[in-house]
Amino acid sequence: MVGKVRTTNAHGPTAAKKAVKAPNSAKPTTTTISTAKKLPTSISKPSQTPKGTQPRKRKADEEEPEKPQVVNSLLNAPEEIDFPRGGGTTLTQIEVREAQLEGEKEAQDEEEAERKLNTEVVKDKSKAKRRKLERELAGNAIKEKNMLPKDAFRVEHLNYKRLIPGTKVLAQIILVRPLELIVSLPNQLLAHIPITNISQEFTQRLEAAGEDSSEDEEDSEEEDGDEDGEDAGSNERLPGLNQLFKEGQWVSAVVTDNKVVDGKQKLGGREGDEAVRASRRVELSLEPEKVNEGIAKGDLKAGFTLTAAVKSVEDHGYILSFGVQSLSSFLKFKDTKNQLRASTSKLHVGQVLACRIKDVSENGRTCNVSVDPVEVAGSTLSSATSITSILPSALVSALVTATLPSGLNVKFFGYYDGTIDPFHLNGLDPEKDFKAGQKVKARVMWDSLATTPKKFSLSLAKQVVGLEVAKFGEEGRKIDEVFPVGRILEEIKVTAMDEEWGLSCEIEEDDEVVPAFVHISRITDDHLASLPKAGPYQIGSVHRARVIGYSAVDGLVQLSLQPSVLEQAFLRVSDVKVGDVIKGTVKRLGDSALFVSISGNVDGVVWPLHYSDIRLKHPEKKFKEGSPVKARIYSADPVKNRVVLTLKKQLIESELPIVAQFSDAKVGTITHGTVTKILDKGVLVDFFGGLRALIPTSEAAETFTTDLSRLFTVGKVIPVKIISADPSSNRIVASARQGHDAPPVEVTSVDIGHLSSGTITALHETNVVLTLQPTGVKALMSYATLARHRKTTVDALRNELAKGQTVEELVVVSKNAEKGIVIVGLIPSKASKAEGSSKPANITFASLVVGQKLTGRVSGKVPTGLLVQVSPSVRGRAPPTEISDDFATVETTNFAKGTQVKCVVISLDSETERVELSLRPSRLEADVEVRDPIVASVEDLKPGQGVRGFVKNIANAGLFVSLGGDVTARVLIKELFDEYVKDWKSRFLVNQLVEGKITSVNKAKNQVEMSLRKHVAIKESPIELGALVKGQIVRGVIKRLEAFGAFIRIEGSEISGLCHKSKVTDDDDEKWTEVIHEGDKVRAIITDVNLETKKVSFGLKQSLFPKDDEDSQAESEQDEDEEMARDDDEVTEDDEDEGEEFEGNWEDDSEVELEGSSEPEIQIPAVSTSKTTGVSSVLSAAGGLNWDGESSDDEKMAVGEDRELEGNNDDVEEETVAVALPAKKKVASLKDVANQQGGPSTMGEFEKAILETPNSSRLWIQYIAFFISLSQYDQARSVGRRALRSINFREEQEKLNVWVALLNLENSHGTEASLEELFKEAAQSNDSKTVHLRLVDIFERSEKYEAEEDLFQRTVKKFSQSSKVWTLFGQFYLARGRPEDARELLPRSLKSLEKRKHVKTISKFAQLEFKYGDAERGRTIFEGIVDSYPNRLDLWFVYVDMEIKQKNVTGVRALFDRILAQKLSSKKGKSVFKKWLAFEKENGDVKGVEACKARALAFVESLQ
């Protein structure tokens, strides 16, 4: 232990640097402590300070004794036991010396203090006596103030100390937030009620909602689909607090917690309101179990008011719970609607209500109540047997027992004592206007648990007695709206004074007097211990004040007289006005922002983009802490409590209009904007107020540019003109091209041709700027014009000119009112005639007409053509297709800048003032040879026509070629070359001339296909729907078979329609599905064409064809041979679809950029898992695709009718593609798959295509089918596995398609073991339920019903929570003729499914009974459903649809009568009559239609 060294802070190298303090200097004096103990409690009330004020520091110092300062020394060092051997010491010599000096110093300090004390006592005896006298006088004053008459008791104010847990209090809601209520309490206090303290029932709903939100996404989607049609009686969504409460509502609450919180803490950045901060200390609860606790059973009688919560919603009303001795009540819907007149008549489970008991049953368990606010507010409590039965909000008749300066003492019910403070006497004087023995009607506000016996505080205030919001004036405006926070009042009068609390004042406004209060801490910026009666704040004095808050319960306006508050520009963020120029002080410079103090408690933030007009590399050099700055309010967000400033000088000094909100963004407004982001197709600029606008590339500059970063930089301030503002999407489009300062002088004072002189004010690069005399209008004139006039050169002229010179003989040739400038020239007679000066100078945009011939000069070249200046104010563009009649000469012709050309106007755009010109000689003169004819629209094109055009855009999947006008043709990659070219993009440039042939023209969609190949397959123009007529005979292909008929697609078009099964064959004994098959080519007759719904109906019956139109077998065979010959050269319809993703926007100038692979993927139409949808092999249905990748309207309608079992299905995942290979008996047809698809037909072609589009499942499946057609099944499996490895992992749908194709392959050509192994692997790699249902579908089509049933059994066990699985299983049994097995599934499913899915599942089984089983049984099930859920209109409609399909006209009408017998809203009634009328028109008669209309008229009249 020898050599051990202490390590306390009093020793070591730093000890010598610390000042040595005397120990007694840190001790608090005895006098200070004793004085603090003797002070009356009224002086140290923390509750007297209103919320939002800062505590007085001096007072805090008096109440809290000063803590002694600890001096680190050997004397107070922690005790350490140390026994060095030999009795030595562990201290060094320096430490021993320090200890000795410290002891000597302490002894000297004690002697000096004792000597000074004795001297002071001798010298200042008179001063001590004077202080003693002052203390005695102050004590006497306090005793006199607190002296009370006999039997009287002190009137206490509510403060935080008295708000102990369990205290019941009356409160008024002042703010409804998403998760809490902010309430006002008596005596200017605030509290909050969390959402979990509303009621036990509501808390249970919150917990249930939390559990529901944690469910998987599939079930959430199911819930969304199932809840669409539910009404008020269903399990609705959890309501927000704004649906349960409203501002100004009175509630009875109980204190659950009272804790001291830091008033300065920030509440998540979104709670900027002072009221929210002040309410954090006290937490209340509205739960009836707590508020009504202690009510005696004998006091529950008529007239008693208490709080209740809605426990449940029944068929005819609500059950209310009071939390009192098993007492409950039933409130009818009718009574609720009549009584809650001012608010919604719909109540929610967990909602809290104030009730008045009307009567109680004999057994005391139930009662009838009224929730009418008027009845509740006017109910007077006559007696109470227990003091615990007296609740806040009880209205009682009280007797005044004593009048005091501080308020009234009252007694009610003969037993219970209460007080009324001056703020709740309606402005009356407690001593002058009241006397002992007087009766008053008052309302209980809070009870004091700290006093024994318990006392109550009551109120006579009008707003409290009437349970209403305090109003101002006859108009009934809210006081806080009349006196908002921040308003400065020039005169307020002091009416009363409390020396320790503050000033009571009154405000005179519009002959009305409003009470106000100034807390003692808000009177001056200095600390005031008490208020002198004869000082500047005496009663009757008038002062200037500012509103800082409002107490809703007390009806008091809270004021401040502090000069610092009066001088502040604003108190809250909501008072800040966007666009104001202010001065501030730098508070702090952070890494990502600059913080500026601008007024009191409000700080502003400046983002780095707005530090200066230019980017600052070292902002710390400019912004020093405390330095003043001049800024402008850029935006203000009261919700986030954020003020954003800008320090950009251009924005601060801008005189242009400020666009601070969307209503300011008027078309034509010119304002300044800040560039915030540069995009490929435009520039984003920010305005004041957080608004943002887009500047398209076309409006970025006068000339077209593809690199916007060369024109704009982020942070640059530019003037822009608003050219469009869409309120629905809040989208603003602006123009930098048209953005110029507002005209300083009206140019209307001068006309074109006006003669004048001008003074040179500026010399620009190309123009001379002049000011015309005497109008002062700004004018421009080019150097060249003035040089020709003076017969000199431009360079020499530049040296001669100077500011201030006068130019004579000027003439106005054009003017621009928007820019506020005019273009001037020289008087023609005195100007030298330069070449080409014969063009008219007075051409304006307004004077132009289409077809007008002009002379202009080439002013520039852009990618989209030539720019031609036809006058000083008008410039046009000539597209490449309008430059010459021979496109080959466009590139060789030299159009140098300044070249004079003749042109003709071909189009005008008045919105953007754009002019499109043509330089074609054929448009200017007659009899001109034209190599490339004008293409104005798709009407000028036809398939097979040879054309030339210019490459407009090079996309990932091909080219866009401009042919003229607005006509743009697309060229797919496969149509570019006859041979395969990998790097094809390098072969083309924008504006390159190309030549090819039109392969197809779709006039309806304005789409043109073009090919650059030498050997081109020309497609016939598609047949349009409008060209079809009833009775027309067409050729088509059976696209798909459904249970109700066949879909036929007309050859050479995308039009498809339905042939009903009754119109397939004339032979009734023959099954129609044996007559036609998918892929068959047929002749059909059109039986109906509906242009409105775009639906076509076909017929195949021979009896439907005209007798003279019967084709012979030879003719039919000849047609088939011709068709097969055509197929060898035609491009199949799949090739049309190959550019589906490439379709894009055909009218986009040059901004089209296509995503995806080099050749877009082909979308495979979705196939349902239900047998009733007639699933067919995708591989055998080639050509069934269209440009949209969707089914036609006919197809959707028909499939939709038969799929209504799956409609509104919760757990139906998004339809995925089920690619199916046909069964073994159809394998032979697979050999022709490649030819049918029109795609690759050899391994080389497949490999090349896969290299281009590796993610296309259709292409991979065609490759698999190719090997199956060759009976190479192992190779087909290998290709499938390779596809799964090659397709990108993000393409889940494409991978699923391949998995399903492999399952089909194993089902057709594999073993049960290989199929089972592949199935398990597919279920692990994809969504398991989807794979199960796909395999079910495969078994169904291959007629393996035993395997299908076995798989269904496994599926319902694994996915027992899925309603879809159960209904599909039931459908399988019914379709197989096993109704009993299907009916056994329903009770099994209800045991496994969630309750919310029961109704849907039962409804689906009922529909299955109608479709496959016993219709009468289906009716029975539906009757049970609609009886349990009479308000579910969707269930009624499904029931009606089932009866309509049964052709039960009488039954349908009876159902409509039953629906209308219920009470329906106008919206529901409209849908019912609409459906009824449609039924009568289609299935009923004229009498039924008239009856429906009459019933509808009566329904409308009943609503009025």
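Quick note: structure is the one above.
(A) Fine view of the pattern of salt bridges. What the rule picks out here adds up to 46 salt bridges. We note a salt bridge from Glu1306 to Arg1277, for which the minimum N-O separation is 2.5 Å. With Glu1306 in helix H28 (residues 1292–1309) and Arg1277 in helix H27 (residues 1273–1286), this residue pair connects regions lying 29 residues apart in the sequence. The exposure class assigned to Glu1306 is buried, which follows from its relative accessible area of 8%. Residue Arg1277 is classed as partly exposed on the basis of its relative accessible area of 22%. In this structure, Arg1458 and Glu1423 form a salt bridge, with 2.8 Å as the shortest nitrogen-oxygen distance. In this pair, Arg1458 is assigned in helix H37 (residues 1449–1460) and Glu1423 in helix H35 (residues 1415–1428), connecting sequence segments 35 residues apart. Here Arg1458 falls in the partly exposed class, since its relative accessible area comes to 34%. Look at the salt bridges and you will find they share partners, linking Asp886, Arg931, Asp932, Arg948 and Glu995 into a network.

(B) Representation of the packing of helix H31 (residues 1345–1358) against helix H32 (residues 1363–1375) in the model. For the pair H31 and H32, interaxial distance at closest approach is 10 Å and the crossing angle is 155°. One element, H31, and the other, H32, form an angle in the roughly antiparallel class. Crossing geometry of H31 relative to H32 is assigned as left-handed. Contact residues: Tyr1345, Glu1348, Glu1349, Phe1352, Gln1353, Thr1355 and Val1356 in H31; Val1365, Trp1366, Leu1368, Phe1369, Phe1372 and Tyr1373 in H32. Of the residues contributing to the contact of H31 with H32, the split by class is nine nonpolar, two polar and two charged.

(C) Quick peek at the pairing of strand S43 (residues 946–955). Where burial is concerned, most of S43 is hidden: seven out of the 10 residues are buried. Pairing of S43 with strand S46 (residues 993–1002), which is carried by five bridges, proceeds in the antiparallel orientation. Paired with Gly949 across the two strands is Val994, which belongs to S46. The sheet contact formed by S43 and strand S44 (residues 958–964) spans five bridges and is antiparallel. Of the residues in S44, the one forming a bridge with Val951 is Val961. Here S43 hands over to S44 after two residues, the two strands then running antiparallel side by side.

(D) Highlighting H27. Between its terminal C-alpha atoms H27 stretches 20 Å, which fits the 20 Å expected from 14 residues at 1.5 Å a residue. Regarding H27, the residues found buried are Ala1276, Val1279, Gly1280, Ala1283 and Leu1284. Considered in projection along H27, the buried side chains sweep an arc of 140° and stay on one side of the axis. Residues of H27 that are exposed and angled more than 90 degrees away from the buried face: Asp1274 and Arg1285. Structurally, H27 contributes buried residues whose contacts are with helix H26 (1257–1269) and H28.

(E) Region of interest: the packing of aromatic side chains. Enumeration over the complete set of coordinates arrives at 31 aromatic pairs. Judged by centre distance (4.7 Å) and plane angle (10°), the ring pair of Phe1246 and Tyr1263 falls under stacked. With a gap of 17 residues between them, Phe1246 in helix H25 (residues 1243–1252) and Tyr1263 in helix H26 connect regions that are remote in the sequence. Residue Phe1246 is classed as buried on the basis of its relative accessible area, which comes to 1%. Under the relative-accessibility criterion, Tyr1263 is labelled buried at 1%. One aromatic cluster in this structure is built from Phe412, Phe413, Tyr415, Tyr416 and Phe456. The ring of Phe153 carries Lys455 above its face, with NZ or CZ at 5.2 Å from the centroid. It is Arg987 that lies over the ring of Phe977; its NZ or CZ is 5.3 Å from the centre.

Conventions and cut-offs
Residues numbered from 1 in each chain as written. Predicted model: local features only at pLDDT ≥ 70, side-chain atom pairs only at ≥ 80, totals over all residues. Heavy atoms only, no water. Salt bridge = Lys/Arg side-chain N within 4 Å of Asp/Glu carboxyl O. Helix = DSSP H or I, 4+ residues; strand = E, 2+ residues; numbered from the N terminus. Buried < 20%, exposed > 50% of the residue type's maximum accessible area, 1.4 Å probe, protein only. Axes fitted to C-alpha atoms, helices over the stretch in contact; angles between N-to-C directions. Parallel < 35°, antiparallel > 145°, perpendicular 65-115°, else oblique. Left-handed = near helix turned anticlockwise from the far one by under 90°. Contact = heavy atoms within 4.5 Å. Nonpolar A, V, L, I, M, F, W, Y, C, P; charged D, E, K, R; others polar. Pairing = 2+ DSSP bridges. Expected span 1.5 Å × (residues − 1). Arc of directions from axis to C-beta. Phe/Tyr/Trp six-rings, centres within 6.5 Å; stacked < 30°, edge-to-face > 60°. Lys NZ or Arg CZ within 6 Å of the ring centre and 35° of its normal.

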